[in-house]
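Here are the chains, one letter per residue:
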Amino acid sequence: MERIIFLVDIQSFFASIEKRADPSLRHKPIVVAGDPERRSGVILAACPLAKRWGVETAEALWEAQQKCPHLTVVKPRMETYVRASIELTHLMYSFSDLVEPYSIDEQFIDVTHTLHLLDGDPVRAAFRLQRTIYEKMRIRARIGIGPNKVLAKMACDNFAKKNKTGIALLNHQTLASQLWPLPVRSLFGVGQRMARHLERMGIRTIGQLAQMPLESLKKRWGINGERLWLSANGIDESPVSPSSHEKTKSIGHHMTLPRDYTTLEEIRVVLLELCEEVSWRARLKNYVGQTIAVGIRGARLEAETGFFRQAQLPEKTNHGPDLFKGALRLFVQHWNGQPVRSIGVTLSGLESAHLRQLSLFDDTIVKKERLNRAVDQIRERYGKAAILRAVSLTGAGQARERAQKIGGHYK
């Protein structure tokens, strides 16, 4: 039996939630954007009325305001958006028990075994789900339909978002006529850099990529080349799994700095804060890891500056200072001394924290765990800013400010 999978994407999610909360905004062009004074003045969401003026997601707020002088700017409320996303998940469970959140505003749902309860036709079932979401939540959904997740995603991104109904079907029978003529940049998983590589090879459409010899792509890009070839040919066996987000492969944290950091003394502070955040998240999920990665981006946005490097730690850990030693060593080794605009730290090679080998002659691990447990309990009870390292109170520190935020934005 061929599967029937939907990718449900909420139109201008953050902006839609704000309009739902404040009816006076309903007929105004609005954007949800961060704080320009802290270098986060970027458009996170633009409503359809704003988009008619040429406003685009991810552009600078000042550029959007030049395009649309009467633009209404709303600061993000991430806690509200997370609650709305959870509300959407619960609503979708009334259509199938196979619902997989993909992002805060996108969710997969497998209706293969419930389709007979939903009018029996995939398109009619999608319209029914779309209508239910609007009636219950007053937000509009676009739905891509496919026999697997990758085709459902590309049906939504390339077709459902661009037609009036907000519904689109893409399957293996229509793959060659609908998907293959599109630019290779439209393929799910192809970013700007990969698109340039493919175009330099003469691969300009998805169809050309699909017809490339698989071995040549694997030879050049390894498993990533194979993944792109499979996507171009509409092949994806991964199930829609409600617990997929629980199978964590890595834990990371990234921040855009409020100004360019130019000295090692300043950057050390942020690196330590990032390592503390990552270690706290790892402990929250009962993980330890042994691979530390550091990625930075330079101050010149027009140039591809910065680096991403990783290394093995001496032992598996979720202790912040241990992560910091490895992260700092990586940073010092690869930093070229140029100003830093953003920085991130990732811990991977994760395993259960309950399965570690302890030493009979060294109780260091036990002492670290007791210390971490005490700190975590204080933060859980009184907030993340209740106990901080002294360096976080210096001008370079960001931990106290970010404790008031979710996903880098105010709650």
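Residues numbered from 1 in each chain as written. Predicted model: local features only at pLDDT ≥ 70, side-chain atom pairs only at ≥ 80, totals over all residues. Heavy atoms only, no water.

Some thoughts on the environment of Arg-131
Here's step 1: Mapped onto the secondary structure, Arg-131 falls in helix H5 (residues 122-137).
Here's step 2: Looking at Arg-131, the relative accessible area reads 46%, which means it is partly exposed.
Here's step 3: Along the backbone, Arg-131 and Ala-141 are 10 residues apart, and their C-alpha atoms lie at a distance of 8.5 Å. (Helix = DSSP H or I, 4+ residues; strand = E, 2+ residues; numbered from the N terminus. Buried < 20%, exposed > 50% of the residue type's maximum accessible area, 1.4 Å probe, protein only.)

What about the packing of aromatic side chains?
Here's step 1: All told, the structure shown has 6 aromatic pairs when counted by the stated rule.
Here's step 2: When the centroid spacing of 4.3 Å and the interplanar angle of 10° are considered together, the rings of Phe-14 and Tyr-81 count as stacked. Within this pair, whereas Phe-14 is found in helix H1 (residues 13-21), its partner Tyr-81 is found in helix H4 (residues 78-92), the two being separated by 67 residues in sequence.
Here's step 3: Aromatic pair Tyr-102 and Phe-108: ring centres 5.5 Å apart, planes at 70°, arrangement edge-to-face.
Here's step 4: Since its relative accessible area comes to 4%, Phe-108 is described here as buried.
Here's step 5: Joined through ring pairs, the aromatic side chains of Phe-13, Phe-14 and Tyr-81 make up one cluster.
Here's step 6: For the cation-ring pair, Arg-140 lies above Tyr-134, with the distance from its terminal atom to the ring centre recorded as 4.5 Å.
Here's step 7: The side chain of Lys-149 reaches across the aromatic face of Phe-108, ending 5.5 Å from its centre. (Phe/Tyr/Trp six-rings, centres within 6.5 Å; stacked < 30°, edge-to-face > 60°. Lys NZ or Arg CZ within 6 Å of the ring centre and 35° of its normal.)

A few points about the pairing of strand E10 (residues 287-298)
Here's step 1: Within E10, 11 of the 12 residues are buried, which leaves the element mostly enclosed by the surrounding structure.
Here's step 2: One ladder, built from 2 bridges, connects E10 with strand E13 (residues 351-352); its direction is antiparallel. Counterpart to Tyr-287 in the pairing with E13 is Ser-352.
Here's step 3: Of the pairings in the sheet, the one linking E10 to strand E11 (residues 307-317) comprises 7 bridges and is antiparallel in character. Following the sheet pairing, Val-294 is matched in E11 by Arg-309. (Pairing = 2+ DSSP bridges.)

Remarks on the sheet that holds strand E4 (residues 72-74)
Here's step 1: Strands sit in the order E3-E2-E4 across an open sheet of 3 strands; the sheet is mixed. Unpaired on one side and paired on the other, strand E3 (43-46) and E4 mark the two borders of the sheet. Between one strand axis and the next, the sheet turns by 30° as a mean value, whatever way the strands run.
Here's step 2: Pairing of strand E2 (residues 30-33) with E4, which is carried by 3 bridges, proceeds in the parallel orientation. In the strand pairing of E4, Val-32 is matched with Val-74.
Here's step 3: Packed on one face of the sheet, H1 meets E2, E3 and E4 and runs near 115° to E2. (Axes fitted to C-alpha atoms, helices over the stretch in contact; angles between N-to-C directions. Contact = heavy atoms within 4.5 Å.)

A closer look at the nonpolar core
Here's step 1: In terms of nonpolar packing, the biggest core is built from 46 residues, with Phe-6, Val-8, Ile-109, Leu-129 and Ile-133 touching the most fellow members.
Here's step 2: When contributions to this core are tallied by element, the ones reaching two or more residues are strand E1 (5-10), H1, E2, E3, helix H3 (61-67), H4, H5 and strand E7 (141-146).
Here's step 3: In terms of residues, this core owes the most to one element, H4, which gives 6 residues.
Here's step 4: For Val-8, the contacting residues outside a window of four places in its chain are Met-92, Asp-105, Glu-106, Gln-107, Ile-109, Leu-129, Ile-133, Ala-141, Arg-142 and Ile-143. (Core = buried A, V, L, I, M, F, W, Y, C linked by side-chain atoms within 4.5 Å.)

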